[in-house]
Amino acid sequence: NYYFTSDEIETNDKEIFLIDAKHTKEDKLPSVGDIKDGLLKMILFTNLEDVEIDNKKFISTPVLKLTTADTFKVMNISKSEKEILKVLKKESQINNFKIKLNNKLL
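This is a predicted model, so every value here is computed, not measured.

Asker: How would you summarise the overall build of the protein if you had to cite specific residues and measurements?
Answerer: The secondary structure content of the protein amounts to two helices and six strands. Against the globule reference of 13 Å for 106 residues, the protein gives a C-alpha radius of gyration of 14 Å, in line with a compact fold. Counting the 106 residues in the protein, one finds 35% classified as buried. Long-range pairs, those at least 24 residues apart, make up 68% of the contacts in the protein between residues at least 6 apart in sequence.

Here's what the structure looks like:
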């Protein structure tokens, strides 16, 4: 049994999205430390075998949700932030989790 909590959940029929959210009020991505903390949860959530709510089984999909200031624009991010997003996207594809940036899937 894992006793970690997710920040949010969403359900869709038999699928449950386990969401770990990282936020910054600034016009940039959340800190690398926050993102690493989220990746640790993704490792745990991707390895869950049985996910149940009230004895109903669900197929779980982990989601790392990154949110920023409303003024954030992907086209304006730094080279290092672009690299972070590129690596995160590749990591999510290899390890079967999703990434949302301001509610848009990467």
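Asker: Give a detailed account of the layout of surface pockets, specifying residues and quantitative values.
Answerer: Taken as a whole, the second largest pocket holds about 210 Å³ of empty space. Contributing to the lining of the second largest pocket are 13 residues, with I35, L39, V87, L88 and E91 lying nearest its centre. Of all the elements in the fold, those that place two or more residues in the lining of the second largest pocket are α1 (32-46) and α2 (79-95). At seven residues, the largest contribution of residues to the lining of the second largest pocket is made by α1.

Asker: How would you explain the environment of E15 if you had to name every residue and give the values?
Answerer: If you trace the backbone, E15 turns up in strand β2 (residues 15-23). In the structure, E15 is positioned 85 residues away from K100 in sequence and 17 Å away in space, judged by C-alpha atoms. Ignoring anything within four residues of it in the chain, the contact list for E15 reads E10, F58, I59 and T61.

Asker: Outline the pattern of salt bridges, listing residues and values.
Answerer: Per the stated rule, a full pass over the model turns up seven salt bridges. The closest approach of N and O atoms between E8 and K65, which form a salt bridge, is 3.1 Å. Here E8 is found in strand β1 (residues 8-12), whereas its partner K65 is found in strand β4 (residues 56-67), with 57 residues between them in sequence. Classification of E8 by relative accessible area gives partly exposed; the value is 28%. The exposure class of K65 is buried, given its relative accessible area of 13%. One continuous salt-bridge network, built from bridges that share partners, spans D20, K22, D37 and K41.

Asker: An account of unusual backbone geometry is requested, with residue identities and associated values reported.
Answerer: We note that D13 has phi near 60°; this positive angle belongs to a residue other than glycine. On the secondary structure map, D13 appears in the loop between β1 and β2. Judged by relative accessible area, which is 62%, D13 ranks as exposed.

Rules and cut-offs
- Residues numbered from 1 in each chain as written.
- Predicted model: local features only at pLDDT ≥ 70, side-chain atom pairs only at ≥ 80, totals over all residues.
- Heavy atoms only, no water.
- Helix = DSSP H or I, 4+ residues; strand = E, 2+ residues; numbered from the N terminus.
- Rg over C-alpha atoms; globule rule 2.2 N^0.38 Å.
- Buried < 20%, exposed > 50% of the residue type's maximum accessible area, 1.4 Å probe, protein only.
- Contact = heavy atoms within 4.5 Å.
- 1 Å grid on protein atoms, 1.4 Å probe; cavity = no way out; pocket = protein on both sides within 12 Å on 5 of 7 lines; lining within 4 Å.
- Points joined across faces, edges and corners; volume = space filled by probe spheres on them.
- Salt bridge = Lys/Arg side-chain N within 4 Å of Asp/Glu carboxyl O.

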